[in-house]
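# Descriptive structure summary
The residues making up each chain are set out below.
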Amino acid sequence: MISAWLVHLYTASGIVLAFLAARAFIEFDYRTGFFWLWVQVLIDATDGLLARRLRVRERIPWFDGAKLDDITDYLTYVFVPALFVWRGALVPNAWVLPVVGAILLSSAYGFNRTDAKTSDHFFTGFPSYWNVVTFYLLVARWPSEVNAAILALFAVLVFVPIRYVYPSRTVTLRVPTLVLGAIWALLVLVAIWRLPATGGPWLNLSLVFPVYYTALSFYLHAQQQTD
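First things first, this report covers the structure right here in the doc. (Residues numbered from 1 in each chain as written. Predicted model: local features only at pLDDT ≥ 70, side-chain atom pairs only at ≥ 80, totals over all residues. Heavy atoms only, no water.)

### Some details on the overall build of the chain
Short version of the rule: Labels follow the DSSP assignment, with helices taken as runs of H or I lasting at least four residues and strands as runs of E lasting at least two, numbered in each case from the N terminus. When we talk radius of gyration, it's over C-alpha atoms, and the globule rule is simply 2.2 Å times the number of residues to the 0.38. Burial status follows relative accessibility: with a 1.4 Å probe on protein chains alone, a residue under 20% of its type maximum counts as buried, one over 50% as exposed, and anything between as partly exposed. Any two residues having at least one pair of non-hydrogen atoms within 4.5 Å are treated as being in contact.
Of regular secondary structure, the chain possesses 10 helices and two strands. Its helices and strands in sequence order give the chain the pattern α-α-α-α-α-β-α-α-β-α-α-α, from N to C terminus. Relative to the compact-globule value of 17 Å for 227 residues, the chain shows a C-alpha radius of gyration of 17 Å, a close match. Expressed as lengths along the three principal axes of its C-alpha atoms, the size of the chain is roughly 50 × 45 × 35 Å. Within the chain, the proportion of its 227 residues that are buried is 42%. Here the analysis covers contacts within the chain between residues at least 6 apart in sequence; of these, 79% occur between residues at least 24 apart.

Below, the structure is given as structure tokens:
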């Protein structure tokens, strides 16, 4: 029983990391903020595996770990990155509320649709990786108007029912996905640690996994449509 509760506590620690990241962003410490979000991604990538291995749902059936996970994910993947859009001046000041509102509301819809996670382990619609999107926009240093357009596009993609790979659970090419995902995480950590510097090969190399992930998702979605 204690080990099962420790898994829930492990998941819930992401809520504390959300606070730490938000505080860092408010203090204009972007490196620390994205580091805490990176740690939360690591937790999110491993807590489900632990929960299944320790049969947490069977041992504590009256406590909803999936709901806890969704609350934590919304804070760290959506709310705190949306806060960064404002604090990091990613978009023109006049566009902050519309863009942030689009992020928050579109993801609220995405999180609450009944097929957000399919039975065969895919996400439906853009899976609200706003922490990743905002990090790349920070280091790309594109004009704020371009950033606003990109963020608006991803907000629209939440509503488009394309099936996206669930990295830790989608069966097709699971091992290459996990290996590339682990390499990506290490490259992003190096890039975060070097902030505010953005030079070097780390960022360009880290883009390999997002390109692979998107291509695989679109391919598997198209394949499913033709079956």
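Having seen the structure, we can now continue with the description.
### Concerning empty space enclosed by the protein
Put simply, the rule is: The distinction between a cavity and a pocket rests on a 1 Å grid over the protein atoms alone: a 1.4 Å probe fits inside a cavity but cannot get out, while a pocket stays open yet meets protein on both sides within 12 Å along at least five of seven lines, and a residue with an atom within 4 Å of a point counts as lining. Grid points are joined across faces, edges and corners, and a volume is the space filled by probe spheres set on the points. Note on residue classes: Ala, Val, Leu, Ile, Met, Phe, Trp, Tyr, Cys and Pro are nonpolar, Asp, Glu, Lys and Arg are charged, and everything else, Gly too, is polar.
Enumeration over the complete set of coordinates arrives at one cavity of 30 Å³ or more. Roughly 120 Å³ of volume is contained in the largest cavity. Lining the largest cavity, in full, are Phe34, Leu37, Trp38, Val41, Asn131, Val132, Phe135, Tyr136, Trp184, Val188 and Ile192. Of all the secondary-structure elements, those providing two or more residues to the lining of the largest cavity are α2 (30–53), α6 (130–140) and α8 (174–193). Looking at the lining of the largest cavity, its residues break down into 10 nonpolar, one polar and no charged.

### Structural notes on the nonpolar core
This is how the line gets drawn: For this analysis, a nonpolar core means a set of buried residues of the types Ala, Val, Leu, Ile, Met, Phe, Trp, Tyr and Cys, connected via side-chain atoms within 4.5 Å.
Judged by nonpolar contacts, the single largest core of 54 residues is most densely connected at Phe34, Val85, Val91, Ile103, Trp130, Phe135 and Leu151. Aside from chain neighbours lying at most four places away, what touches Val91 is Val85, Val96, Val99, Ser144, Asn147, Ala148 and Leu151.

### Things to note about the side chain of Thr177
Within the secondary structure, Thr177 sits in helix α8. Residue Thr177 is classed as buried on the basis of its relative accessible area, which comes to 2%. The residues contacting Thr177, other than those within four sequence positions of it, are Val165, Pro167, Thr172, Phe209, Tyr212 and Leu216.

### Concerning unusual backbone geometry
As a rule of thumb, non-glycine residues mostly have phi less than zero, and peptide bonds are mostly trans rather than cis. That bond from Leu195 to Pro196 is cis: its omega, 10°, falls within 30 degrees of zero. For Pro196, the position within the fold is in the loop between α8 and α9 (202–206). Residues other than glycine seldom take positive phi values, yet Phe28 does so here, at roughly 65°.

### Some words on a nonpolar patch on the surface
As a reminder of what qualifies: Candidates for patches are residues over 30% relative accessible area with no salt bridge; among them, like charges are joined within 9 Å and nonpolar side chains (Val, Leu, Ile, Met, Phe, Trp, Tyr) within 5 Å. Each accessible area value is a Shrake-Rupley result obtained with a 1.4 Å probe; residue values ignore everything except the protein chains displayed when judging cover. The term salt bridge refers to a side-chain nitrogen of Lys or Arg lying within 4 Å of a carboxyl oxygen of Asp or Glu.
Residues Met1, Trp5 and Trp62 make up a contiguous nonpolar surface patch of roughly 390 Å² in combined accessible area. Among the secondary structure elements, Trp5 is positioned in helix α1 (residues 2–26).

### A few points about α6
Burial of α6 is extensive: nine of the 11 residues sit out of reach of the surface. Regarding α6, the residues found buried are Trp130, Asn131, Val133, Thr134, Phe135, Tyr136, Leu137, Leu138 and Val139. Just downstream of α6 lies Arg141, where phi reads positive at about 60°.

### Points about the pattern of salt bridges
Per the stated rule, a full pass over the model turns up four salt bridges. When the shortest N-O distance is used, the salt bridge between Glu58 and Arg55 registers 3.4 Å. Notably, a salt bridge pairs Asp115 with Arg113, separated by 2.5 Å at the nearest N-O pair. A relative accessible area of 17% means that Arg113 is categorised as buried.

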